[in-house]
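# Topology and contacts: notes
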Amino acid sequence: MCFTADPTADIQKALKAVDLMKILDGQVAIGNKSNSKTIGEHKFWKTQPVPQTLSGSSFAMMAMEEGPIDPIKTVEEVRQEPLPLPSGFEWSLIDIKNDVQCEEVYSLLSENYVEDDDAMFRFRYSKEFLLWSALTFRSLTAPGYHPDWHIGVRVQKTGKLVAFISGILVDIRVRSKTFPSAEINFLCVHKKLRAKRLTPVLIKEVTRRVNLRGVWQAIYTAGIVLPTPIGTSRYYHRNLNPPKLVDIGFSSLPRSMTIARLVKQLAVPTAPSLPGFREMEKKDVPQVAALLRRYLARFEITQTFETDQEVEHWFLSGRGKEGGEEGSAKWRREGQVVWAYVVEDPTTHVITDMISFYSLPSSIMKHPTHRILNAAYLYYYASDSIFRPSSGGSEAVAESSASVGIVEERKRRERLGARLVQLSGDLMVVAKNAGFDVLNALTLLDNNMFLSEQKASCQSLPFGAGDGFLVNYLYNWQCAPIDGGLKGTSMKQGAGIGVVML
Ligand SMILES: CC(C)(COP(=O)(O)OP(=O)(O)OC[C@H]1O[C@@H](n2cnc3c(N)ncnc32)[C@H](O)[C@@H]1OP(=O)(O)O)[C@@H](O)C(=O)NCCC(=O)NCCS
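Quick notes on the rules
- Residues numbered from 1 in each chain as written.
- Predicted model: local features only at pLDDT ≥ 70, side-chain atom pairs only at ≥ 80, totals over all residues.
- Heavy atoms only, no water.
- Near = heavy atom within 4 Å.
- Polar contact = N/O pair within 3.5 Å; in protein donor to acceptor, adjacent residues only side chain to side chain.
- Areas by Shrake-Rupley, 256 points an atom, 1.4 Å probe, with all protein chains shown as cover.
- Helix = DSSP H or I, 4+ residues; strand = E, 2+ residues; numbered from the N terminus.
- Pairing = 2+ DSSP bridges.
- 1 Å grid on protein atoms, 1.4 Å probe; cavity = no way out; pocket = protein on both sides within 12 Å on 5 of 7 lines; lining within 4 Å.
- Points joined across faces, edges and corners; volume = space filled by probe spheres on them.
- Core = buried A, V, L, I, M, F, W, Y, C linked by side-chain atoms within 4.5 Å.
- Buried < 20%, exposed > 50% of the residue type's maximum accessible area, 1.4 Å probe, protein only.
- Domains from an automatic or database assignment.
- Contact = heavy atoms within 4.5 Å.
- Phe/Tyr/Trp six-rings, centres within 6.5 Å; stacked < 30°, edge-to-face > 60°.
- Lys NZ or Arg CZ within 6 Å of the ring centre and 35° of its normal.
- Axes fitted to C-alpha atoms, helices over the stretch in contact; angles between N-to-C directions.
- Parallel < 35°, antiparallel > 145°, perpendicular 65-115°, else oblique.
- Nonpolar A, V, L, I, M, F, W, Y, C, P; charged D, E, K, R; others polar.
- Salt bridge = Lys/Arg side-chain N within 4 Å of Asp/Glu carboxyl O.

## Considerations on the site of the ligand
The ligand sits among 23 residues. The nearest are Lys37, His42, Trp45, Ala195 and Thr199. One nitrogen or oxygen atom from the main chain of Val189 is found 2.8 Å from an oxygen atom belonging to the ligand. Contact with the protein chains removes 83% of the 850 Å² of surface that the ligand exposes when unbound. Broken down by secondary-structure element, the contributors of at least two residues to the shell around the ligand are strand E5 (177-189), helix H6 (198-212) and strand E6 (218-222).

So this is what it looks like as C-alpha cells:
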C-alpha cells in the first residue's frame, strides 16, 4: 500500500521488477511476498475449473475458444448438502440486513481482513459499505441478492463467527459473451484458524450454493497470484493529506523536500472547475445508465449494468443519510459510502460525463495517534467525449476503431484523455473536501490516460505508482489474458479491464 512521491522512479522500478507474462502465467507472485508457489503446488486450485497454464503460456490460451471449462451441468446434479466442516464448527448463513449479524461480519473483517505486507494497514469496511455491497439488483429478477450466498462459519460451542465468504449476482461480459456470474468478495478466515485449509471448504461451499441457483461462473480479485490471472492492475495513489500520510508511513518524504513544500505541491483547488459538475441525482439515472453502458462496451471485460435499477443501486443507494448540515457535511453525509457526480451540459442539460468513488478506510495499526486512514477509491466513470465526432456533426457515430478512422480515433482518445484529467481533478476536489486522506485508483478502465496527468488541471502533482497490485480472476471461464493497464501511464492508453470490484 505504500508509495513514494516520485512516480517516474517507481514506474521504472516496477517495469524492471515485473515480468508481465510470468505474472499472467501465475509463475511469480506480486504484491504479496508470501505467495511464491508454482501452479502445480496449488493443491486446491489445481482441482478447480480455472485455466491451468503451468505447462503452456498465456499465448496458447489466446487461441482457445472462450467459455465454460466444466461440462454443462443442471441444478439437479449439484450436491444438495453443505460440505462437511472440521468438527467443532458449523455453517451459518448471514443476513447482512440484520444489524447484529452485520456487526459480527464487520468485527471479523476489521480484525482479520486484508493487510499490507508490512502489517501497517488493514481494510476496515464499514457496516454501511457491507450493506451497500451485499445488495444488488439484476435484470428481470430483481432483487438479485441471494441471502444464501453470505456464508459464515461459527464455533459450535460459542457461536463466534470465525470465517466468511460472500457472493452477489452480477452480469459479466467478456468480449462478445455475457453471462450471469457470482461476484465473490470478503473471503476471510480468523487469524487463529489460518493455514488449516478452511479456505478451500469455503470456496467449494459458496460454489455449491451459487450452482444451486443455476449460476456457473464467478469473478473475483486477490492481491496474490493464484491459478490463473486474467489480468493484473496496479494501484496508484493521490496524496490529499501529506502531513498525515508521511507521519503514518503511507508515503515517504522525498529527499530535499519539506512537508510544507509537499503540502503546497499537492494542494488541490477548493471547488470543482467543470461547468455543470454536480452530484448525481435520481433523475439522472436513465441518462447515466445509458452513458455508462455505452462507455463500458469499449472494454474486454465489464459488469453490464443491464438495468437502470442496478445503476441507481450502485451510485445512489450508498449516499448516506439525507438532510446533512452546511460546511464539510455538504461533501459527506453520515454513513455515505459512494460519491457519484455528473456533468450536465449547461445549455442542453444532457449528462455528458459521470464519475464516482467509494470510501474504504483502513485501520492504522502501528501509530500512536492516527487510527484510521480515510481512503477513497476511484469507481466507475464515463464520458461522451470518446463518442462525439471531432469535426462537424452533432450525432455520435461510432464506438470503436473498427468503424472510426485511425486519425479520428486518435483525436477522440486525446479529447477523452483531456476530459478525464479534468473530471478526475474535480473528483479529487470532492474527495479532499469530504475529508479523505488519499484517492486511490487502479490502472484499469481508461485510468492510464490521466493518472500521470493531473498537473495541468490542478497545478499539482499527479497520482504516484504504488506497490500494490490487484489480480483479476474468473471461475469456470476459459479466457485469454486481458490487459489490466500494467504497461503504464506513459502510453496514455486504456486497459481491457473495465470491471471495478469492491
Ligand atoms: C485469504 C485467507 C482466507 C486464506 O486463508 P489461509 O488460512 O491462509 O489458507 P487455507 O489454509 O485456509 O487455504 C489455503 C488455500 O487457499 C488458497 N487461497 C489463499 N488465499 C486465497 C484467496 N485470496 N483467494 C482464493 N484462494 C486463496 C491458497 O492458495 C490455498 O490453496 P492452494 O493449495 O491451491 O494454493 C486468509 O489468509 C485471510 O483471511 N486473509 C485476510 C483476508 C484476505 O486476504 N482475504 C482475501 C481477499 S482477496
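Read on for the rest.
## Thoughts on the sheet that holds strand E13 (residues 372-373)
Spatial strand order, E2-E12-E13: three strands in an open sheet with antiparallel pairing. The open sheet has two edge strands, strand E2 (121-123) and E13, and neither has a second partner. Summarising the sheet, strand E12 (residues 362-364) and E13 pair through two bridges and their orientation is antiparallel. Bridge assignment links Ser363 to a residue of E13, and that residue is Ile372.

## Some words on empty space enclosed by the protein
The tally for this structure, following the rule as stated, stands at four cavities of 30 Å³ or more. Roughly 100 Å³ of volume is contained in the largest cavity. Every residue lining the largest cavity is counted, 14 residues in all, and those nearest its centre are Ser133, Ala134, Ser166, Asn185 and Phe186. A per-element tally of the lining of the largest cavity places strand E4 (residues 161-174) first, with four residues.

## Notes on the nonpolar core
Residues Ile301, Phe315 and Tyr379 are the most contacted members of the largest nonpolar core, which totals 107 residues. Domain assignment of the residues forming this core places at least three in each of domain 1 (7-231) and domain 2 (233-498). Non-local contacts of Ile301, meaning those with residues more than four positions away in its chain, are made with Ile172, Arg173, Val174, Ile219, Ile230, Leu474, Ile482, Gly496, Ile497, Gly498 and Val499. By size, the runner-up hydrophobic cluster in this structure holds 32 residues, among which are Trp45, Val50, Trp91 and Ile203.

## Points about the packing of aromatic side chains
Using the criterion set out here, one finds 32 aromatic pairs in the structure. Taking 5.8 Å as the distance between ring centres and 70 degrees as the angle between the ring planes, the aromatic pair formed by Phe123 and Tyr125 counts as edge-to-face. Like Phe123, the residue Tyr125 is buried in the burial classification. In this structure, Arg298 packs its charged tip against the face of Tyr295, placed 4.6 Å from the ring centre. Taking NZ or CZ as reference, Arg332 lies 4.5 Å from the ring centre of Phe436, over its face.

## Regarding the environment of Phe250
Relative to the elements of secondary structure, Phe250 occurs in the loop between helix H7 (242-247) and helix H8 (259-265). For the pair Phe250 and Leu373, spaced 123 residues apart in sequence, the C-alpha separation works out to 9.2 Å.

## Examining the environment of Ser390
Mapping Ser390 onto the fold places it in the loop between strand E14 (375-383) and helix H11 (406-433). Linking Ser390 and Val407, residues 17 residues apart in sequence, is a C-alpha distance of 9.9 Å. Each residue touching Ser390, except ones within four places of it in the same chain, is listed here: Glu408, Lys411 and Arg415.

## Regarding the packing of helix H9 (residues 285-296) against helix H10 (residues 308-316)
One way to put it is that H9 packs onto H10 with a least axis distance of 9 Å and a crossing angle of 100 degrees. The angle between the axes of H9 and H10 places the two elements in the roughly perpendicular class. Of the residues in H10, those touching H9 at Val285, Pro286, Val288, Ala289, Leu292 and Arg293 are Asp308, Val311, Glu312, Phe315 and Leu316. A per-class count over the contact of H9 with H10 returns eight nonpolar, no polar and three charged.

## Some points on the pairing of strand E16 (residues 464-475)
The element E16 is extensively covered by neighbouring structure, given that eleven of its twelve residues are classed as buried. Relative to E16, E6 runs antiparallel, the two being bridged by five bridges. Bridging from a neighbouring strand, Ala218 pairs with Tyr475 of E16. One ladder, built from six bridges, connects strand E7 (residues 231-239) with E16; its direction is antiparallel.

## A closer look at the pattern of salt bridges
For the structure shown, the criterion picks out 29 salt bridges. Among the ionic pairs, Glu281 bridges to Arg278, the shortest N-O distance being 3.8 Å. The closest approach of N and O atoms between Lys487 and Asp483, which form a salt bridge, is 3.3 Å. Given a relative accessible area of 44%, Lys487 falls into the partly exposed group. Owing to a relative accessible area of 24%, Asp483 belongs among the partly exposed residues under this scheme. Through salt bridges that share partners, Arg278, Glu281, Lys283, Asp284 and Glu344 make up one connected network.

## With respect to the pairing of strand E11 (residues 351-359)
For E11, the buried fraction is high: nine of the nine residues fall into the buried class. The sheet contact formed by strand E10 (residues 338-344) and E11 spans seven bridges and is antiparallel. In the sheet register, Val338 faces E11, and the bridge partner there is Tyr358. Taking the residues that link successive antiparallel strands as the turn, the E10-E11 hairpin has six residues, and the phi of His349 there is positive, at about 65 degrees. Here six bridges tie E11 to E14, and the two strands are oriented antiparallel to one another.

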